[in-house]
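Examination of the molecular architecture
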Amino acid sequence: MQPLRGLRVLDFSKVLAGPMCTQALGDLGADIVKVEGKDGGDDTRGWPPFREGSGAVFLSANRNKRSLALDLKTPQGREVVHRLAATADVVVESFGPGVTERLGIDFATLKQHNPRLIYCSISGFGRTGPLAHGKGYDMILQAFTGMVSIMGEPDNGPVRAPFSPVDQGTGMHAYSSILAALLNRDRTGEGCRIDVSLFDTGVSFLGYMLQAYWERGTEPARYGCAHESLCPYQAFEASDRPVLIGIASESLWRRFCEVSGLQQLLADPRFRTNADRVRHREETVAAVAFVIRQRSSAEWVDLLTTEGIPCSLINGFADLMAHPHTRHSGLVAAYESETYGPLQAVVPPVRFDGARAMPGRAAPCLGEHTAEILRDAGFTGAEIDRLVDANVVAVREAKPTEVQNTRARAL
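The shown structure was predicted, so the numbers you read here are calculated from the model rather than taken from an experiment.

The rules behind these values
- Residues numbered from 1 in each chain as written.
- Predicted model: local features only at pLDDT ≥ 70, side-chain atom pairs only at ≥ 80, totals over all residues.
- Heavy atoms only, no water.
- 1 Å grid on protein atoms, 1.4 Å probe; cavity = no way out; pocket = protein on both sides within 12 Å on 5 of 7 lines; lining within 4 Å.
- Points joined across faces, edges and corners; volume = space filled by probe spheres on them.
- Nonpolar A, V, L, I, M, F, W, Y, C, P; charged D, E, K, R; others polar.
- Patch = residues over 30% accessible without salt bridge, like charges linked within 9 Å, V, L, I, M, F, W, Y side chains within 5 Å.
- Areas by Shrake-Rupley, 256 points an atom, 1.4 Å probe, with all protein chains shown as cover.
- Salt bridge = Lys/Arg side-chain N within 4 Å of Asp/Glu carboxyl O.
- Helix = DSSP H or I, 4+ residues; strand = E, 2+ residues; numbered from the N terminus.
- Buried < 20%, exposed > 50% of the residue type's maximum accessible area, 1.4 Å probe, protein only.
- Phe/Tyr/Trp six-rings, centres within 6.5 Å; stacked < 30°, edge-to-face > 60°.
- Lys NZ or Arg CZ within 6 Å of the ring centre and 35° of its normal.
- Pairing = 2+ DSSP bridges.
- Contact = heavy atoms within 4.5 Å.
- Axes fitted to C-alpha atoms, helices over the stretch in contact; angles between N-to-C directions.
- pLDDT = per-residue confidence, 0-100.

1. As for the layout of surface pockets
Reported here for the largest pocket is a volume of approximately 1,700 Å³. Forming the boundary of the largest pocket are 49 residues, of which M20, S60, A61, Q168 and V346 lie nearest the centre. Looking at side-chain class alone, the lining of the largest pocket contains 33 nonpolar, ten polar and six charged residues. As for the second largest pocket, its lining consists of 38 residues, of which K14, D43, S94, F95 and G96 are closest to the centre.

See the structure below:
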């Protein structure tokens, strides 16, 4: 199912938030034209580890795209963008404030060429305000919004979430906003300007924790794997390795006590309700930790899962990939590229009519589709040659089978 087939997106973004947004659009069938600088392109192309010279982060967020290597600082480069924008449906950009205006590719300018254009800007702190010119990196926003202050163990320093949740969340906010704007355009015939920022995403992710902060009036403590409002809800050491147990209701607590041999706690007023257990967290955790140490992690997972009590081993990536459920899910697919050889990818985490989308083309080499994109936009061979000779565009000729020979299958 490719509901966005026929839509064209000009993608000026780089690193993670924007590329994840446009990859999601490409997974639904949109034609993504990734416009990159001629010298180096997207920063993540150079982030190790590498496959055939391309960084793993780049490969993960740029499938189903075509690459146009273009010098945006030249009048000819600006004209190329204007011609492409005239027939595009969406533009996604992540330049700093004022840059698109200087380049002549801002919303007001491109809208003159295409009133139906949906223009999505991604920034660190938004386009206005005291920090509008602040650099937008996931780690910086984790620190600024207070995320870093609440992560980590109570007696150790703060830590960041290493999987870039602010970047990824911002990309998904941009993605969903673009889909909404496309629906609105179908009704009104008008395009629009969308602004999303890492700051907005970071603050919104903390909504329920900020609500608790307002009610409590004090900064939240760091709880590691535990939960401020639930107990027991954390990792416990079994006889061989940790196991995470989540008791989120009174019925689960009663069931857990019955199967773990802690029935005596049910009559103790310190442990009667979750609020009681949170108030007596130290005693609750100590009682549960003592009994968990008596068996192996596998025994606990088997027992608690059978009883419907949420629990899990703390898996590594190898554990996750080897698990039968991961294999059954079809969420990881293997595919091949003439450029990169055999690859694996996490495919979109949704099903349409029971089927998952498989990877299409692998992430492009820099300038791999420059000539193709320009021809699609109506540039003649002579015009393309002049752009190449003037060093406005870079053209990389792909192998004849590089795109057509991509094959994918669920692992």
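2. Notes on a nonpolar patch on the surface
There is a patch of nonpolar side chains on the surface, built from M1, V350 and F352 and spanning about 290 Å² of accessible area. Secondary-structure assignment places V350 in the loop between β13 (341-346) and α17 (370-376). The partly exposed category is assigned to V350, whose relative accessible area is 40%.

3. Details of the packing of aromatic side chains
Under the defined criterion, the tally for this structure stands at six aromatic pairs. Ring geometry for F125 versus F144: centroids 5.2 Å apart, planes at 90 degrees, classification edge-to-face. Residue F125 is located in the loop between β7 (118-123) and α6 (138-144), and its partner F144 is located in helix α6; the two are separated by 19 residues in the primary sequence. Classification of F125 by relative accessible area gives buried; the value is 12%. Here F144 falls in the partly exposed class, since its relative accessible area comes to 47%. Ring pairing ties together the aromatic residues F125, F144 and F199, which thus form one cluster. We note R83 situated over the ring of F379; from NZ or CZ to the ring centre the distance is 3.6 Å. Above the plane of the ring of W300 lies R295, whose end atom (NZ or CZ) is 5.1 Å from the centre.

4. Here we look at the sheet that holds strand β5 (residues 65-70)
With mixed pairing, seven strands are arranged side by side in an open sheet as β8-β7-β6-β1-β2-β5-β14. With one partner strand each, in any of the chains shown, β8 (192-197) and β14 (393-394) form the two edges of the open sheet. For strand β6 (residues 90-93) and β7, the ladder comprises four bridges, and the chain directions are parallel. Its bridge partner lying in β7, V92 is registered against C120. Those strands touched by helix α8 (residues 165-188) are β6, β7 and β8, and its axis lies near 165 degrees from that of β8.

5. Re empty space enclosed by the protein
It is a probe the size of a water molecule, rolled over the atoms, that shows where empty space is left. Throughout the structure, instances matching the rule amount to two cavities of 30 Å³ or more. What the second largest cavity holds in volume is close to 30 Å³. If you trace the second largest cavity, you find it lined by D27, L28, P348, V350, F352, A355, R356 and A357. Split into classes, the residues belonging to the lining of the second largest cavity amount to six nonpolar, no polar and two charged.

6. Brief notes about helix α3 (residues 75-85)
Listing the buried residues of α3 in full gives G77, V80, V81, H82, L84 and A85. Check the buried side of α3 and you find it contacts β1 (8-11), β5, α5 (107-113), α17 and α18 (381-389).

7. Examining the confidence of the model for the protein
The share of residues in the protein with pLDDT of 70 or more is 97%, and the mean pLDDT across the chain is 95. Note that residues 399-405 has pLDDT below 50 and, in this model, eleven contacts with residues that lie over four places away or in other chains.

8. Looking at the environment of L68
Counting through the fold element by element, L68 comes out in strand β5. Take L68: its relative accessible area is 0%, and that puts it in the buried class. On a C-alpha basis, the gap between L68 and A371 in space is 8.1 Å, while along the polypeptide they are 303 residues apart. Setting aside residues up to four positions removed in sequence, L68 forms contacts with V33, K34, V35, E36, V80, L84, T370, I373 and L374.

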